[in-house]
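Fold and geometry: a report
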Amino acid sequence: ASARPRPSLSAGTPMKRPSDSPVDVIVRLFAVNKFFQALGFALLYFAPFGPGAAAPPRVFPVVVGLSLAAVGQALNVGIYKAIGKNGVYYGYKFGIDVPWCT
C-alpha cells in the first residue's frame, strides 16, 4: 500500500493565505467571531416568537438602541479611517508601521 501524498500548504489554509500578514489572519478570525455574535443575537431576538413569547418591544427602547448602535458604527468607521486595520488590530506588535494619531 502506498502512502497518500501530503497536501501542500503553499496554497494556504482557510485562515491564512501565503501572502497574508498576521493582521489579515486576525481580521479573518474576528469576522468569524462577529458572525457567531450576530447569529446568537438573531437567535435570541427572533426565535422566541410563538406561544408564551414575550410581548414585542416598545418603540422608544428600540429607537434608542438603534441610535446607539449607529453611533458605535460611526466610531468604528472613524478609527478605521484614522489608523487602518493595521492600527486597529495591533499591527505594530507584528512590526507593521502604523500611523500614530494625536
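Because the structure is a prediction, the values reported are computed rather than measured.

On to a nonpolar patch on the surface, then. Judged by side-chain polarity, Val32, Phe35, Phe36, Leu39 and Leu43 come together as a nonpolar surface patch covering roughly 480 Å² of accessible area. Looking at the secondary structure, you find Phe35 in helix 1 (residues 22-46).

With 30 residues, helix 2 (residues 59-88) extends only 34 Å from end C-alpha to end C-alpha; this falls clearly short of the ideal 44 Å at 1.5 Å per step. Along its length, helix 2 reaches its greatest deviation from straightness, about 85°, at Ala82. The first or second residue beyond helix 2 is Tyr90, which carries a positive phi of 55°.

Scanning the entire structure with this criterion turns up one salt bridge. Among the salt bridges present, the one from Lys85 reaches Asp24, with a minimum N-O distance of 2.4 Å. Separated by 61 residues along the polypeptide, Lys85 in helix 2 and Asp24 in helix 1 bring together distant segments of the chain.

This part is about the packing of aromatic side chains. This structure, assessed with the given rule, holds four aromatic pairs. Pairwise contacts between aromatic rings join Phe30, Tyr80 and Tyr89 into one cluster.

What counts, and at which threshold
Residues numbered from 1 in each chain as written. Predicted model: local features only at pLDDT ≥ 70, side-chain atom pairs only at ≥ 80, totals over all residues. Heavy atoms only, no water. Patch = residues over 30% accessible without salt bridge, like charges linked within 9 Å, V, L, I, M, F, W, Y side chains within 5 Å. Areas by Shrake-Rupley, 256 points an atom, 1.4 Å probe, with all protein chains shown as cover. Salt bridge = Lys/Arg side-chain N within 4 Å of Asp/Glu carboxyl O. Helix = DSSP H or I, 4+ residues; strand = E, 2+ residues; numbered from the N terminus. Expected span 1.5 Å × (residues − 1). Bend = angle between axes of the 7 residues up to and from the residue. Phe/Tyr/Trp six-rings, centres within 6.5 Å; stacked < 30°, edge-to-face > 60°.

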